[in-house]
Structure formats: C-alpha cells, structure tokens
Amino acid sequence: MAPPGMVVLLSMAWRLLLLVLLLVLLLVHPARGASTDQLTDDFTAVNLSEAQFKMQKPYDVPLADRYELAAGGVRRMWVYATDKPISTSHPGGPRTETKIELVYSSGVWQFEGYGYIPCGTSGASVMQIFGAAEHATTLMLHVYGGRLTYYHHEDDVVVDGNIYDRWFRLNVVHDVAAPSVTVFVDGERRLTVPGRGGDSHYFKFGVYGQSHNGMSYRMESRWRDVKMATGDGFWLQE
C-alpha cells in the first residue's frame, strides 16, 4: 500500500494531466460557431482581382469626388443626401458603393472586411447582399445614430449598439440552400435570419442613403481587407 503522501502526489498528478488534456482539446476543437479563426479556417479564400471591386457613385460627379483609395488599402466612400442616383434610369437613393463582381447562385459564401463608420453618418446602408426572390436584397445592414441594424429596424433588431468611430471586423455568411444569413461583428455571432430566395447574389459595401427614418446630410464608410470565401457552413447550424 502506497504511503499517504504518495497517494496525494499521484492524485495531483492525475488532475494536472486531465487539465492539460482538456486544454489541448479546447485548442484543437474550439466551440462550434464561437471561434473567430473558424470563420476563415472552415472556408476557402476566393481570389479577387482589383477589377472585381466595381465602384458605383452619383452619375453626375467624378469618382474622385466621392471615393478615395487611401493608404493601407482603405476604401473611403461618401455621399450626400442631395446626390443623384447612380444613373438617370436607375431608381434608388444616393449612394457610393463598391460592388464585388462575383455572382453566386448556390453554396455557402462569406464576406469579410474591416469597416469604420464616422460619427454623424445615419440613415445609410453600409453593407448588403444583393438579390432575392421577391425583394431587391437578401440582407442590408443600416446605420442609425451609431447603431448597426438589420434593415431599418433601428429599435428591435440591433446588430451592434456602438458602431461609430472604431474599426470593426464584419463577417457575413450566406447559406443559399438553407436559406440563412449569419452576421458576426468582431468574431461574435450577432444575427441569424432566413434568406430571401433568389438565384443570383453578390456583396456590396459603402454608403447608400435610405428613406426610412431619415438620412444625415453626409454619409461615409471606410473599408479595408475586404475578402470573400466559400465553404460548407455546417457549423452554423450548431
């Protein structure tokens, strides 16, 4: 029979070993749907050329008056409430947006980018998934008074309550077949909503003035490190 002191040491050793094993398991298999790294690890990056970042701006002003590609690859877009639409035949409010010219109709697709919304911008869409069965879009993220919202639901579906004057990481995952859209801010799941059907979709980001709840006179958003990826998205359901 082992001495009492030896029993205590063996017990402590087993507890330490179990703790080490638990830490290893957590590192190798992080919680599903909760890991920031998993947002990219479970997807395959899509190679985008600069030509696929197509600018849309008021038709009667030069691009340089509404768009700047600044140091560090920061895309700065702004628009005024009194601006014209993107063409004489195109309906909709004033906008300066970047359209990613990669159209998809099936599968699971992810938008990732770092956004910055200056204080004062309000009543504007800053990111969207274009295309749906009975609507123009599947997703729009609006800004109202410092809140990032699902469409114009500024009181009841708030994605982030303090979005002004800071860089935030935005990941949007669109599972066409499910159909569902999941939004992450800084790696944290903030919104999951049903898709809206349709067989042709693409991502857009920038500023697009909205008629609901009024828009500020000047609207601006900045974006950097914008990427796309595709994957299976199975962990989103867990």
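- Under an unreviewed UniProt entry, the name given to the protein chain is Alginate lyase 2 domain-containing protein, and the source organism is Urochloa decumbens.

## Description of the layout of surface pockets
- Volume-wise, the largest pocket comes out at about 230 Å³.
- Looking at the lining of the largest pocket, the elements with two or more residues in it are strand E7 (124-130), strand E8 (137-144) and strand E14 (202-209).
- Class assignment of the residues belonging to the lining of the largest pocket gives a composition of 6 nonpolar, 5 polar and 3 charged.

## Things to note about the sheet that holds E7
- Pairing is antiparallel across the open sheet formed by 7 strands, whose spatial order is E2-E5-E14-E7-E8-E9-E10. Looking along the sheet, the strands with just one partner apiece sit at the ends: strand E2 (53-56) and strand E10 (158-160). Mean inter-strand twist for the sheet, computed between neighbouring axes without regard to direction, equals 20°.
- By the bridge criterion, 5 bridges tie strand E5 (residues 95-100) to E14 in an arrangement that is antiparallel. Across the sheet, residue Thr-96 finds its bridge partner in E14, namely Val-207.

## Quick word on the pattern of salt bridges
- Here the structure, examined in full by the defined rule, presents 16 salt bridges.
- Note that Asp-160 and Arg-166 form a salt bridge whose closest N and O atoms lie 3.0 Å from each other.
- Each of Glu-68, Arg-76, Arg-218, Glu-220 and Arg-222 takes part in a single network of salt bridges with overlapping partners.

## Let's talk about the environment of Ile-117
- Examined against the element boundaries, Ile-117 turns out to sit in the loop between strand E6 (108-116) and E7.
- For Ile-117, a relative accessible area of 0% corresponds to the buried category.
- As a C-alpha pair, Ile-117 and Trp-223 span 106 residues in sequence and 9.1 Å in three-dimensional space.
- Sequence-distant contacts of Ile-117, that is, excluding residues within four places in its chain, are made with Val-126, Val-143, Ile-163, Tyr-164, Asp-165, Phe-168, Glu-220 and Ser-221.

Calculation criteria
Residues numbered from 1 in each chain as written. Predicted model: local features only at pLDDT ≥ 70, side-chain atom pairs only at ≥ 80, totals over all residues. Heavy atoms only, no water. 1 Å grid on protein atoms, 1.4 Å probe; cavity = no way out; pocket = protein on both sides within 12 Å on 5 of 7 lines; lining within 4 Å. Points joined across faces, edges and corners; volume = space filled by probe spheres on them. Helix = DSSP H or I, 4+ residues; strand = E, 2+ residues; numbered from the N terminus. Nonpolar A, V, L, I, M, F, W, Y, C, P; charged D, E, K, R; others polar. Pairing = 2+ DSSP bridges. Axes fitted to C-alpha atoms, helices over the stretch in contact; angles between N-to-C directions. Salt bridge = Lys/Arg side-chain N within 4 Å of Asp/Glu carboxyl O. Buried < 20%, exposed > 50% of the residue type's maximum accessible area, 1.4 Å probe, protein only. Contact = heavy atoms within 4.5 Å.

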